[in-house]
Amino acid sequence: MSTAQLDAANADAVGLSAKQARILRYLRENAADRTYFKSRLIADDLELSAKEVGANMAAVAEAADDIDVEKWGYSSGTTWMVTA
């Protein structure tokens, strides 16, 4: 099964769209190395727009039980604090 198919299957299980599941997987994979994430940098890595990332982050934060996602600041783009 491809990563996209796994994301879609996992998304259905927790009520997330495939896009939201991709964002959540990205945060989980990178939370150990970084604490702060800018929407535009997440968007660049996932080939989304920063607006798409920001619009989906509330659902991602609600669904994530293993990481905490908090809107941290807005300086040349929204920054999210993610802790594992």
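Parameters at a glance
Residues numbered from 1 in each chain as written. Predicted model: local features only at pLDDT ≥ 70, side-chain atom pairs only at ≥ 80, totals over all residues. Heavy atoms only, no water. Salt bridge = Lys/Arg side-chain N within 4 Å of Asp/Glu carboxyl O. Helix = DSSP H or I, 4+ residues; strand = E, 2+ residues; numbered from the N terminus. Buried < 20%, exposed > 50% of the residue type's maximum accessible area, 1.4 Å probe, protein only. Pairing = 2+ DSSP bridges. Axes fitted to C-alpha atoms, helices over the stretch in contact; angles between N-to-C directions. Phe/Tyr/Trp six-rings, centres within 6.5 Å; stacked < 30°, edge-to-face > 60°. Parallel < 35°, antiparallel > 145°, perpendicular 65-115°, else oblique. Contact = heavy atoms within 4.5 Å. Nonpolar A, V, L, I, M, F, W, Y, C, P; charged D, E, K, R; others polar.

**As for the pattern of salt bridges**
In total, this model carries 4 salt bridges according to the counting rule given. Close ionic contact of Arg28 with Asp65 constitutes a salt bridge, the shortest N to O distance being 4.0 Å. With Arg28 in helix 2 (residues 18-30) and Asp65 in the loop between helix 4 (50-63) and strand 2 (68-74), this residue pair connects regions lying 37 residues apart in the sequence. Judged by relative accessible area, which is 71%, Asp65 ranks as exposed. In this structure, the salt-bridge partner of Arg28 is Asp66, at a minimum N-O distance of 3.0 Å. Residue Arg28 is located in helix 2, and its partner Asp66 is located in the loop between helix 4 and strand 2; the two are separated by 38 residues in the primary sequence. Overall, the relative accessible area of 37% leaves Arg28 in the partly exposed class. With a relative accessible area of 40%, Asp66 lands in the partly exposed category. One network of salt bridges, with partners in common, ties together Arg28, Asp65 and Asp66.

**Looking at the sheet that holds strand 2**
In a beta sheet, neighbouring strands are held together by backbone hydrogen bonds and run either parallel or antiparallel to one another. Across the sheet, 3 strands lie side by side as 1-3-2; this open sheet has antiparallel pairing. Sheet topology places strand 1 (36-38) and strand 2 at the edges, where each strand pairs with a single neighbour. Here the average twist between neighbouring strands, direction ignored, is 30°. Pairing analysis gives 3 bridges linking strand 1 to strand 3 (residues 78-83), with the strands arranged antiparallel. Bridging from a neighbouring strand, Phe37 pairs with Trp80 of strand 3.

**Description of the packing of aromatic side chains**
Tallied over the full model, the rule gives 2 aromatic pairs. Measuring from ring centre to ring centre gives 6.2 Å for Tyr26 and Phe37, while their planes differ by 70°; the resulting arrangement is edge-to-face. On the criterion of sequence distance, the pair formed by Tyr26 in helix 2 and Phe37 in strand 1 is long-range, its members being 11 residues apart. Judged by its relative accessible area of 8%, Tyr26 falls in the buried class.

**What to know about the packing of helix 2 against helix 3 (residues 39-46)**
Between helix 2 and helix 3, whose axes approach to 11 Å, the crossing angle comes to 105°. Judged by the inter-axis angle, helix 2 sits roughly perpendicular to helix 3. Contacts from Arg22, Ile23, Tyr26 and Leu27 in helix 2 reach Leu41, Ile42, Asp45 and Leu46 in helix 3. A breakdown of the residues in the contact of helix 2 with helix 3 according to their chemical character gives 6 nonpolar, no polar and 2 charged.

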